[in-house]
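Commentary on secondary and tertiary structure
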Amino acid sequence: MKRREVSPMKFLRFISLQVAMAVTAAGALVAADDARQKVAEYQSKGYNVLFIAVDDMNDWVGCMGGNPQAITPHMDKLAKEKGVVLNKAYCASTVCCPSRSAILTGKQPASTGVYGNRQNLKNAPKAKDLVTLPEYFAKHGYHTLSTGKIFHKHPTAKGMDEGQWAFKEFVDAGGGNGGMLWSESPAAPKEAGSANATKEKGEEFRWGAVSAPIEQTKDYVSSKWAADQLKRDFAGKPFFLALGLSKPHLPWEVPQQFFDLYPLDKFKTVEIFRDDLKDITNKAGKELFSADPRFLAADKANLHKQAQRAYLANLSYADHCLGLVFDALAKSKYADNTIVMIWGDHGWHLGEKLKYGKTDLWEESDRVPFIVSVPGVTKAGLKSEAVVNLLDMYPTLIELCGLPANPENEGRSFAPVLKDPTLAWNVPTLTTYNFGNHSVTDGRYRFTYYGSKGGAEELYDHSVDPLEHKNLAAQPEHKEIIERLRLAMPKHNEPDSPANNLSPEEKKDIAKGARKGKKAGAEAVK
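Numbers given for residues are sequential positions, taken from 1 along each chain in its written order. Under the rules for a predicted model, residues below a pLDDT of 70 receive no local features and side-chain atom pairs below 80 are neither given nor counted, while totals for whole chains, interfaces and linings still include all residues. No hydrogens and no water enter the side-chain calculation; it runs on all heavy atoms of the structure.

**Side note on the pairing of strand E17 (residues 429-432)**
A two-sided burial pattern is seen for E17, the buried positions comprising Thr429 and Thr431 on one face and Leu430 and Thr432 on the other. If DSSP finds at least two bridges between two strands, the strands pair. A run of H or I in DSSP counts as a helix once it spans at least four residues, and a run of E counts as a strand once it spans at least two, with each numbered from the N terminus. As paired strands, E17 and strand E18 (residues 437-441) are joined by four bridges and run antiparallel to one another. Considered in E18, the bridge of threonine 431 is made with serine 439. Between E17 and the antiparallel strand that follows it, E18, lie four residues; asparagine 434 among them carries a positive phi value of about 60 degrees. Note on exposure labels: buried denotes an accessible area under 20% of the residue type's maximum, exposed denotes more than 50%, and partly exposed covers the range between, all computed with a 1.4 Å probe on protein chains only.

In structure tokens form, the structure reads like this:
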């Protein structure tokens, strides 16, 4: 047999390839070993999870700095003594249902087709079979329990779907207003049925003081229930406790003591820029936005100060209720092994962009308050400028608790940021509002594309324009920035999932059941 000669060059390439493969394999083994050590480290702590949602809470929290008048001592104390403030946290959508559905499924609205408040994820073909966050924890040995609004509520033929199916325990803790001591609204009564009305179902633009003592109000009762659970044993299992507060969602009605925190004669309103929407146009130069009905009503009635004060009063009420839970946790046996995550489901405009409300895709709607405390991991009192999304909570929590990764998650675990808040972490993150409208930020620039408005665009440089007054999208020198951020937008937008559709008879039955539930809840707190 003739012997085959191998050239020295081929032999060197062969040896180099073998060495490279060996190094890669060794690296993979090291990485796998590091991952196992990380999981073992987290599992050894036996973390519980306290998961707290505050409806419509924007950055008007003391430790967030959105409004220096804010009085929120309990959230501020948690941030100062135990937690990290994630200063550049963003929602997946600027409406309750799609935001919460994204958080709880780990999927973007563009992946599930859940874009609005009337789209139940359980009716969405791309979402209905996903394992939600609390279900994932239950699947891996956690006792899961909840009260208040975590999932968005949806009427169904079988009654109100509040996401109770996702928890081992779900309790309607009750509570109510007990009537009103006084009430105020910028909309005149004669306008209530007109085209100029500011009333939306469940979102009446009004505020005032309730008659019920604080101990009987809804969020206080829910918080008291959550605090009481921290005295339980849970049969030796770790727990995932979810608490949803309803305020500062409209209407802004809380006990008088919280309005008293903000004397009207000393209250300062936000600065209003009345030409702020003029540079947001379509390709034909037509302005796309105008002042919203709530803003126009408050403007006409000269009630901006009263409205903004009412929002802060409601936020202080929510903070007071959270104080019950934080105090109970500090006194419990779970104080040193419970992760706390506090988040708002989206931002809220209070006069900025000539608007009172959520929706749309500006910074005031996209950015959310987010405080995280992880015993033994977070260093107290720090603020991180890392760019994160509420969608990232799912993979972050399962990593921190040593659970196996869920391959369905589209978010990115920010556990490394909690260990080192100074870490560079600015991969562009996405926020969506309705079908085809997306906004991306990398912490400095925000680029927004309106697919439903003929491809109109916005670009802002937050290093010099944090309130987004100057739209740079039409300036050619920013083309590269726009194209870079555009890469973070979805390549596919899932069509709208089915909307809730009930017959009039089914709606009547649900309303009747809700009234009975409220009456029973009111009796329970007497």
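**Brief notes about the sheet that holds strand E8 (residues 207-210)**
One open sheet accounts for three strands, arranged E7-E8-E10; its pairing is mixed. Looking at strand neighbours, the two that pair on one side only are strand E7 (180-184) and strand E10 (252-254), the edges of this open sheet. Averaged over all adjacent pairs, the angle separating strand axes in this sheet is 10 degrees, with direction ignored. Of the pairings in the sheet, the one linking E7 to E8 comprises four bridges and is antiparallel in character. Only the stretch in contact is used when fitting a helix axis, every axis being a line fitted to C-alpha atoms; angles between N-to-C directions are given from 0 to 180 degrees.

**Quick notes on the environment of valine 49**
Position of valine 49 among the secondary structure elements: in strand E1 (residues 48-54). With 191 residues separating them in the primary sequence, valine 49 and phenylalanine 240 have C-alpha atoms 4.7 Å apart.

**So, helix H3 (residues 96-105)**
Most of H3 sits out of view: ten of its ten residues are buried. Of all the positions in H3, only Cys96, Cys97, Pro98, Ser99, Arg100, Ser101, Ala102, Ile103, Leu104 and Thr105 are classed as buried. Where H3 is buried, its residues contact E1, helix H4 (109-112), helix H5 (133-139), strand E4 (154-156), strand E11 (338-344) and helix H11 (393-400). We call two residues contacting when some pair of their heavy atoms lies within 4.5 Å.

**Describing the confidence of the model for the chain**
Low pLDDT marks regions whose predicted coordinates should not be analysed in detail. Overall, the predicted model of the chain reaches an average pLDDT of 90, with 84% of residues at or above 70. By definition, pLDDT measures how confident the predictor is in each residue, and it falls between 0 and 100. Here residues 189-197 is a poorly scored stretch, pLDDT under 50, and it has four contacts once near neighbours within four places are set aside; other chains count.

**Some remarks on the sheet that holds strand E19 (residues 445-450)**
Spatial ordering of the open sheet is given by E17-E18-E19-E20, a layout of four strands whose pairing is antiparallel. The sheet is open, and its two borders are formed by E17 and strand E20 (456-461), each paired with just one other strand. This sheet shows a mean twist of 15 degrees between the axes of neighbouring strands, independent of strand direction.

**What about the pattern of salt bridges?**
The salt bridge criterion pairs a side-chain nitrogen of Lys or Arg with a carboxyl oxygen of Asp or Glu, the two atoms within 4 Å. Counted under the stated rule, the structure contains 27 salt bridges. Through salt bridges with shared partners, one network takes in Asp55, Arg100, Lys149 and Asp345.

**Observations concerning the nonpolar core**
Buried residues of nine kinds, namely Ala, Val, Leu, Ile, Met, Phe, Trp, Tyr and Cys, make up a nonpolar core once their side-chain atoms join them within 4.5 Å. Residues Trp252, Leu322 and Ile342 are the most contacted members of the largest nonpolar core, which totals 72 residues. At 14 residues, helix H9 (residues 304-331) tops the list of elements feeding residues into this core. Apart from residues lying up to four places away in sequence, leucine 322 is in contact with Ile52, Val54, Met75, Ser223, Leu243, Leu245 and Ile342. Counting 49 residues, the second-largest nonpolar core is a separate cluster that includes Tyr47, Phe240, Leu390 and Leu397.

**A look at the packing of aromatic side chains**
Only rings of Phe, Tyr and Trp enter the pairing, Trp through its six-membered ring, and a pair is recorded when the two centres are within 6.5 Å. The plane angle decides the type: under 30 degrees is stacked, over 60 is edge-to-face, the rest tilted. In this structure the tally under the stated criterion is 26 aromatic pairs. Ring centres 5.4 Å apart and planes at 40 degrees place the aromatic pair phenylalanine 51 and phenylalanine 240 in the tilted group. You can see phenylalanine 51 sitting in strand E1 and its partner phenylalanine 240 sitting in strand E9 (residues 239-245), a full 189 residues away along the chain. Of the two residues, phenylalanine 51 and phenylalanine 240, both sit in the buried class. Geometrically, the ring pair formed by phenylalanine 205 and tryptophan 252 is edge-to-face, given 5.9 Å between the ring centres and 80 degrees between the ring planes. Taken together, the residues span a long stretch of sequence, with phenylalanine 205 in the loop between E7 and E8 and tryptophan 252 in strand E10 at a distance of 47 residues. In this structure phenylalanine 205 comes out as buried when scored by relative accessible area, which is 2%. Linked through ring pairs, Trp60, Phe205, Trp207, Trp252, Phe295, Tyr311, Trp348 and Tyr356 together constitute an aromatic cluster.

**Remarks on the side chain of threonine 378**
Summarising the element assignment, threonine 378 is placed in the loop between strand E15 (370-373) and strand E16 (382-389). Only 2.9 Å separates the side chain of threonine 378 from the backbone oxygen of lysine 82, close enough to count as a polar contact. Whenever two N or O atoms come within 3.5 Å, that pair is a polar contact, provided that in protein one can donate a hydrogen and the other can accept it, and provided that, for residues adjacent in sequence, both atoms are side-chain atoms. A distance of 3.0 Å separates a polar side-chain atom of threonine 378 from the backbone nitrogen of valine 374. With residues up to four places along the chain from it excluded, the contact list for threonine 378 reads Lys82, Gly83, Val84, Val372, Ser373 and Leu418.

**Quick notes on the packing of helix H2 (residues 73-81) against H9**
Where H2 contacts H9, the axes come no closer than 7 Å and their chain directions differ by 50 degrees. Taken together, H2 and H9 sit at an angle that is classed as oblique. Contact residues: Pro73, His74, Met75 and Leu78 in H2; Asp319, His320, Leu322, Gly323 and Phe326 in H9. A per-class count over the contact of H2 with H9 returns five nonpolar, three polar and one charged. The scheme is simple: roughly parallel for angles under 35 degrees, roughly antiparallel for over 145, roughly perpendicular for 65 to 115, oblique for anything else. Residues are grouped as follows: Ala, Val, Leu, Ile, Met, Phe, Trp, Tyr, Cys and Pro are nonpolar; Asp, Glu, Lys and Arg are charged; every other residue, Gly included, is polar.

**Topic: the environment of aspartate 366**
Inspection of the secondary structure puts aspartate 366 in helix H10 (residues 363-366). Relative accessible area serves as the criterion here: at 0%, aspartate 366 is assigned to the buried category. Along the sequence, aspartate 366 and glycine 347 sit 19 residues apart, while their C-alpha atoms lie 5.6 Å from each other. Aspartate 366 has contacts with Ala89, Tyr90, Cys91, Thr94, Asp360, Leu361, Thr431, Ser439 and Arg446, leaving out every residue within four places of it along the chain.

**A short note on unusual backbone geometry**
For the bond from lysine 247 to proline 248, the omega torsion is 20 degrees, close enough to zero to count as cis. Tracing the backbone shows proline 248 in the loop between E9 and E10. Following leucine 250, the chain continues to proline 251 via a peptide bond in cis, the omega torsion being -10 degrees. Tracing the backbone shows proline 251 in the loop between E9 and E10. At asparagine 302, a position not held by glycine, the phi torsion is positive, near 55 degrees. The topology assignment puts asparagine 302 in the loop between helix H8 (293-301) and H9. Here the phi dihedral of aspartate 360 falls at roughly 60 degrees; this positive angle occurs in a residue that is not glycine.

**Things to note about H2**
Listed in full, the buried residues belonging to H2 are Met75, Leu78 and Ala79. Seen end-on, H2 carries its buried residues on one side only, within an arc spanning 95 degrees. The arc in question is traced by the directions running from the helix axis to the C-beta atoms.

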